[in-house]
Structure formats: C-alpha cells, structure tokens
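Residues per chain, in single letters:
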Amino acid sequence: FHQSNLTAVTEFFLVGFQGSKFLRIFLFCLFLIIYCGTICGNLLIIVLVSTSRNLHTPMYFFISQLSISDILLTTDIVPNLLNILLSNGGTIGFISCMTQLYFFCVAESSECFLLTVMSYDRYVAICNPLRYSSIMTSAFCMKFITICWLVVLTISLTDSVTIPMFTFCGPNAIHHFYCDLVPLIELACSDTLILQIEVFILVVPLVITPPIIIILSYMKIIVSILRIPSTTGRQKAFSTCSSHLTVVSIFYWTIFSVYMFPTKGETLIISKILSLIYTVFTPFINPIIYSLRNQDIKKAAQEKFHKRVTL
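Residues numbered from 1 in each chain as written. Predicted model: local features only at pLDDT ≥ 70, side-chain atom pairs only at ≥ 80, totals over all residues. Heavy atoms only, no water.

1. With respect to the nonpolar core
Counting residues in hydrophobic clusters, the biggest one holds 91 residues, and the most contacted among them are Phe12, Phe31, Leu115, Phe168 and Leu184. Per-element accounting of this core gives the leading share, 17 residues, to helix 3 (residues 94–127). With residues up to four places along the chain from it excluded, the contact list for Leu115 reads Leu66, Ile214, His244, Val247, Val248, Phe251 and Tyr252. (Core = buried A, V, L, I, M, F, W, Y, C linked by side-chain atoms within 4.5 Å. Buried < 20%, exposed > 50% of the residue type's maximum accessible area, 1.4 Å probe, protein only. Helix = DSSP H or I, 4+ residues; strand = E, 2+ residues; numbered from the N terminus. Contact = heavy atoms within 4.5 Å.)

2. Section: the packing of aromatic side chains
Enumeration over the complete set of coordinates arrives at 14 aromatic pairs. Each ring, one from Phe31 and one from Phe281, has its centre 6.3 Å from the other, and the planes form 75 degrees; the classification is edge-to-face. Of the two residues, Phe31 is situated in helix 1 (residues 21–51) and Phe281 in helix 9 (residues 268–292); the sequence distance between them amounts to 250 residues. Lying across the ring of Phe17, Lys272 places its NZ or CZ 5.7 Å from the centre. (Phe/Tyr/Trp six-rings, centres within 6.5 Å; stacked < 30°, edge-to-face > 60°. Lys NZ or Arg CZ within 6 Å of the ring centre and 35° of its normal.)

3. Notes on the pattern of salt bridges
All told, the structure shown has one salt bridge when counted by the stated rule. For the salt bridge of Arg122 with Asp121, the shortest nitrogen-to-oxygen distance reads 2.9 Å. A relative accessible area of 9% means that Arg122 is categorised as buried. On the accessibility criterion, Asp121 (0% relative accessible area) is buried. (Salt bridge = Lys/Arg side-chain N within 4 Å of Asp/Glu carboxyl O.)

4. What to know about the packing of helix 2 (residues 58–87) against helix 3
Helix 3 packs onto helix 2 with a crossing angle of 160 degrees between their chain directions and a minimal axis gap of 9 Å. As the angle between them shows, helix 2 and helix 3 are arranged roughly antiparallel. Crossing of helix 2 against helix 3: the hand is left-handed. Residue classes in the contact of helix 2 with helix 3 are distributed as 16 nonpolar, six polar and six charged. (Axes fitted to C-alpha atoms, helices over the stretch in contact; angles between N-to-C directions. Parallel < 35°, antiparallel > 145°, perpendicular 65-115°, else oblique. Left-handed = near helix turned anticlockwise from the far one by under 90°. Nonpolar A, V, L, I, M, F, W, Y, C, P; charged D, E, K, R; others polar.)

5. Description of the environment of Cys241
Position of Cys241 among the secondary structure elements: in helix 8 (residues 231–260). For the pair Cys241 and Tyr123, spaced 118 residues apart in sequence, the C-alpha separation works out to 9.3 Å. Excluding residues that lie within four positions of it along the chain, Cys241 makes contacts with Arg122, Ile126, Tyr218 and Ile221.

6. Considerations on the state of the cysteines
The final tally for this structure, using the stated rule, is one disulfide. Linked covalently through their sulfurs, Cys97 and Cys179 form a disulfide whose S-S length is 2.0 Å. Its S-S torsion of approximately -120 degrees makes the covalent link between Cys97 and Cys179 left-handed. One end of the pair, Cys97, is in helix 3; the other, Cys179, is in the loop between strand 3 (173–174) and helix 6 (181–187), and 82 residues separate them in sequence. Residue Cys97 is classed as buried on the basis of its relative accessible area, which comes to 0%. Residue Cys148 stays outside any disulfide, its sulfur separated by 9.7 Å from that of Cys112, the closest cysteine. On the basis of relative accessible area, Cys148 is assigned to the buried category, the value being 4%. The closest cysteine sulfur to the non-disulfide-bonded Cys241 is located on Cys127, 8.8 Å from its own sulfur. When its relative accessible area of 0% is taken as the criterion, Cys241 is described as buried. (Disulfide = S-S within 2.5 Å.)

7. Concerning the side chain of Thr38
With respect to the helices and strands, the residue Thr38 is situated in helix 1. Other than its neighbours up to four places away in sequence, Thr38 contacts Thr74, Val280, Pro283 and Phe284.

8. Quick look at helix 7 (residues 193–227)
Here helix 7 is 35 residues long and its end C-alpha atoms lie 51 Å apart, about the 51 Å a rise of 1.5 Å per residue gives. Val203 marks the point of greatest bend in helix 7, at about 50 degrees, and the proline Pro205 comes within the next four residues. (Expected span 1.5 Å × (residues − 1). Bend = angle between axes of the 7 residues up to and from the residue.)

9. Looking at the environment of Glu111
With respect to the element layout, Glu111 can be found in helix 3. Among the residues examined, Glu111 registers a relative accessible area of 2% and is labelled buried. Sequence separation between Glu111 and Cys148 is 37 residues, and the spatial gap between their C-alpha atoms is 10.0 Å. Among residues more than four places away in sequence, those in contact with Glu111 are Leu66, Ser69, Asp70, Phe251, Thr282 and Asn286.

10. Some remarks on the side chain of Thr279
Here Thr279 shows up in helix 9. The buried category is assigned to Thr279, whose relative accessible area is 0%. Of note is the side chain of Thr279, whose polar atom sits 2.7 Å from the backbone oxygen of Ser275. The contacts of Thr279, once residues within four sequence positions are left out, are Leu73, Thr74, Ile77, Phe104, Phe177 and Tyr178. (Polar contact = N/O pair within 3.5 Å; in protein donor to acceptor, adjacent residues only side chain to side chain.)

As structure tokens, then:
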C-alpha cells in the first residue's frame, strides 16, 4: 500500500472478501454461475420483448430496459470481483476505478427511474384503464426512456468528474469489492465538502423522490383494487403488480441499508453482503421474478422454444 503522505495514489487496492482459499474458490464458482445466469436471463427477456408481438406493451418495454440496466450493473462489478477472489484482493488503476464508479452510478440511477415509471404504468393501468392506451403510448415510453438514460448518464458524470479533483495520498486500501463513493470519500486527503454537498443534492431526485412516487402510486392502486367487486378481478389486478413490488422491495431495502445507514468497523462485512444483494443477486433474481410470475413471458418463451425445436 502507498503509505507516504507525499505520494499521490495512482491505484487502489480492493480488499474484497478476505478468507481461506476454499471459501474464496467457493464464492468464485458461486458468483460465476450467478453472473452467467444473470446475463442469460436478462438477454432472454430483452430478446423475447423485442421479438414477441404480444409483449409489445409499455410494461414489458420497461422490463426489457430494466434488464439492460441489470446487465450493465453486473458486468461492471462481477468480472473484477471474480479476479479479486482469485487473487485475495486486487489493485485497480485510478481511471479504471472512476470508470467502474461511473457505470455503477448509471446502472443504479436508471434502476431507480425505471422502477418509478413502472409503478406509474401499473397505476394508470389499474386506476385509469380506459385512458391507459392514450396515456402510455409508444411515443411517450420512448421519450421517457431516452430522457431517463440521458439524465442518468449526465448525473452520474458529476461524481466521476469531482472525485479526481481531490488528493489521495494514502493509504489506498478500499475495504470493498468495487469502487464505491463512500469508501473513496473516506480515503481522500483533501476536503470533500463539495462532493458531500453534491451527493446530498443528488440523493433527493435519485433516492428520495422515486420511492415516494412508488408508495403514492401503490396507495392509489390498493384503493382501486379493493373497489373491484369480484375476488378474481382483485387477484388478477394485484398479480400484475406483485412482481414489480417484490423487485422494488429488495432493491430499496438494500440501497437504504447501505447508503442511508452507512456502517464502519466490524459491520463492514454486513455492508459488503448487502452490497452483494443489489449488485450481484438482484440482477440475477429480477428476470426470474418477472418470468416465473408472468404468464405472458412464459408463453412467449415456450413459443420461441417450440419454433426452434420444429425448425
């Protein structure tokens, strides 16, 4: 490690998960299987949504965008994590670290926005079913997604541009398995007040506002569902929301646990495990939740499989 206060840090050491060789090889195999499953599952959803006509609806369009975000997130984190596990920690160059942080911010921010617009889509579908097709037009969906990605790509640049302005003079060990904002702020030798203000300002549109919109949407959705006279009607309406609600709960529970209540010392390992949930496991679980609990996706997958078999 660079210990000298006079030497500027040009690379960081990612500590990762320290442990016995057996444990690290076990984790390597587990994360490799999950990574392959994540890529295959999310690519399957993207292919099905783009090629199956009955999946050309706003809900499935947003699900496919979520899959793009999940592929981006897991590809940004997991390959380097596998390398760290094999090497019992690993160095990462300053520019590589900033690049990883940037794409991590892009993926997480886009997921916040996508989960929010998906809750709005469910709100319109259940609370305003007669106006659904006129509100959620394909032009509106394309416009929203374009704006969403442009905003996310721009916002994520702020941290990646601000951090290189700070001085890092050692030590350079990041007690994490990827370059995250909080450990980088802790390692900086110069005053990080500007960055902390920046983060505080960005937290409102990215982390606070989306869950508020989601909660308000679901409060109105629940009221509308309870007004449906038939039990089967209520069940059908709620089943279209259950997948999204499950994904939202997992995503925001881990995000708030890590960033709203950051931990130090002995609880660092808990923070790493929570980070694993939303960087490694959530992108793997999302396509499973959406495909297992969704008859349309199952049907589209079966049709594609039968076509391949009969060819």
